[in-house]
Amino acid sequence: MEKIVEIVSAVNDKINGVVWGVPMLILIVCTGIFMTIRTGVFQIRRAKEVSGKTIFAIFKNKSVTKSNDKKAISQFQALSTALAATIGTGNIAGVATALVAGGPGAVFWMWVSAFFGMMTKFSENVLGIYFRKKNEDGEWAGGPMYYLENGVKHKKVIGKIAKPLAVMFAVFCVLASFGIGNMAQINSISSSMKVSFNIPSIITGVVLAVIAGFVVVGGIQRIGKVTEKLVPFMALAYIIGALIIFFTNFKQIPYVFGSIFTSAFSFNAALGGVAGSAVKLAVTMGFKRGVFSNEAGLGSSVLVNTSSDVKEPVVQGMWGIFEVFADTIVVCTLTAFVLLSSTVKTGDSNSLEEALSKISTKPQYVELVNGEDYEGAIPLIDKNSAGIFEKYDGEGEYETFAVKTTDGKDFEIKLAKRYESKDDSDYVYTNIMEVVGVENEDGEIDSVKFSQVNGVPLVTYAFSKQFGSFAGKFLSIAILLFAFSTVLGWSFYGTKAIEYLLGKKATVVYKVIFVLFIVVGATMTLDLAWELADTFNALMAIPNLIGVLSLSGLVVKITRNYVDRKVTKKTPDAKPMLSVYPDIQEEQQT
């Protein structure tokens, strides 16, 4: 099994390096910029209309929260399911990963990706509603594969590959559903449950597989009913917890904003010759984690948004704008602020000597710097106060530590004094590391493993500064709800992609395989799960963004038609643009 994992990891690394290179970042960002310009900065200029048709409409208009169509779901259920799929571990573990690898500047680039991503997702939803069809059961079937096949095919040059692009998207969507929508999420849940409640990963995987199977079999109606209750509760609870921490650490606010903008453009590294690598890393991690979180450009959420009972494509497009705002601008930013505003003081955590004085197989968190080097509070995320120790290789200075295990055994280890960074890409931005004893074949601890604290454990550490030991359980529950709801949303995405490729009957087989992969995801390593998810994200985005760019003129035309009829009232009696198909157009007008 280990050999297979190594092979998969090696192959994925090569593919990931290509699909997440500069060309892909340019394609994603430029698509959002292009659609923002073409629609006249719609997300800002029509912000009042967007909020009125989305978040405020939930409290004013019953038709938004309830659907009379038994074959469809309400607009709010569509939003909840889409947010269920986007608000996941990317908002917690993903943000921590971005900050540790790319530094505080990654937050700024997440904002940039979200701002322009709003119009990318708006465009996806508009096209999704306009080109959706009804399947043999009378349910809506829509997504990028439909506007690629039936919209792009009319384009002179690219029209010849419209069908292959549609098939490519559907295939990548199915693969992504097992990566971003399943294994990466379940892995975070199982890791969190193991640390906080000592529940074996295999048990977590089996239990979640059983629950998911029950919900997934019920289709979009059952998924919608679960997510419309789950999403508001989990999002509100997490936001309140994060806000408490942020405002408790209000004195750190200047540092937070200063470090974000300084790191984003690497002003302080300009004279060090490493500014280029620092900015590149911040940009790359910011965009990667931003796209992973809000999925703008992937086209994935279109698959559930087209199941809404909405009639106007532009209205569903507005829900897309709100999705990105809620996911990245609100939830991801709050996670980043919690990490950036959290500090470490001498005595808050173990020193390395203290941790090694009584080692066990249970992870201990230790601070890399102490009061001898710095005075007062030290930022948790800051390259100037962080570093990592490495095993002594027989050369240079080293420190010898006497290690005593919990069963009274003694031995010594040698560690190099401090890992020296070669350039900005080598920096570790956290001031916390994990120390754990490693057992030999006889069950005795005979070595010590040192590793960076990243992902969920890092966020848990930051939360523990305010909420103490309760933080671990709070985060574990939050991750369970966030990640599991993501699994439910993505199960539907994969189902619709399989339906397009192989027909309705094949969806049963897909659902069974999807549920089984939950158990697989629970026992995978976190790094491989994230790496696979990154790759599938990019592969999905390529055909989808080609479709959005090719049909950008149509998006503008549909948007202008709606604005003239409903907003400015220039042409209130004009024929609405609701569907490309005459029969559906007529049905939706009644």
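Figured I'd write up the structure that's included with this text.

So, how was this worked out
- Residues numbered from 1 in each chain as written.
- Predicted model: local features only at pLDDT ≥ 70, side-chain atom pairs only at ≥ 80, totals over all residues.
- Heavy atoms only, no water.
- Helix = DSSP H or I, 4+ residues; strand = E, 2+ residues; numbered from the N terminus.
- Buried < 20%, exposed > 50% of the residue type's maximum accessible area, 1.4 Å probe, protein only.
- Contact = heavy atoms within 4.5 Å.
- Areas by Shrake-Rupley, 256 points an atom, 1.4 Å probe, with all protein chains shown as cover.
- Core = buried A, V, L, I, M, F, W, Y, C linked by side-chain atoms within 4.5 Å.
- Patch = residues over 30% accessible without salt bridge, like charges linked within 9 Å, V, L, I, M, F, W, Y side chains within 5 Å.
- Salt bridge = Lys/Arg side-chain N within 4 Å of Asp/Glu carboxyl O.
- Arc of directions from axis to C-beta.

## What about the overall build of the protein?
What the protein contains, in helices and strands, is 24 helices and 10 strands. Out of the 590 residues in the protein, the part that is buried amounts to 58%. By sequence separation, contacts in the protein at least 24 residues apart represent 79% of the contacts at least 6 residues apart. Here the protein displays about 24600 Å² of accessible surface, and carbon together with sulfur accounts for 61% of that area.

## Topic: the nonpolar core
Judged by nonpolar contacts, the single largest core of 158 residues is most densely connected at Phe42, Tyr238, Leu339 and Phe463. Setting aside residues up to four positions removed in sequence, Phe42 forms contacts with Thr36, Ala47, Val50, Met119, Phe122, Val314, Met318, Ile321, Thr559 and Val563. With 15 residues, the next largest nonpolar core counts Ala355, Phe401, Leu415 and Ile445 among its residues.

## Things to note about unusual backbone geometry
Phi is positive for Val41, which is not a glycine, with a value near 55°. Looking at the secondary structure, you find Val41 in the loop between helix 2 (22–38) and helix 3 (42–45). At Glu295, a position not held by glycine, the phi torsion is positive, near 65°. Its location among the elements puts Glu295 in the loop between helix 15 (275–294) and helix 16 (302–305).

## Details of a nonpolar patch on the surface
Together, Ile202, Ile203, Val206, Val207, Val210 and Ile211 give the surface a local cluster of nonpolar side chains, amounting to about 490 Å² of exposed area. When you line up the elements, Val207 lands in helix 12 (residues 201–217).

## Things to note about helix 24 (residues 582–589)
Every buried residue of helix 24 is listed here: Ile584, Gln585 and Gln588. Buried residues of helix 24 fall within an arc of 105° about the axis and therefore sit on the same side. Among the exposed residues of helix 24, those oriented more than 90 degrees off its buried face are Pro582, Asp583 and Glu586. Along its buried surface, helix 24 packs onto strand 1 (133–134) and strand 2 (140–141).

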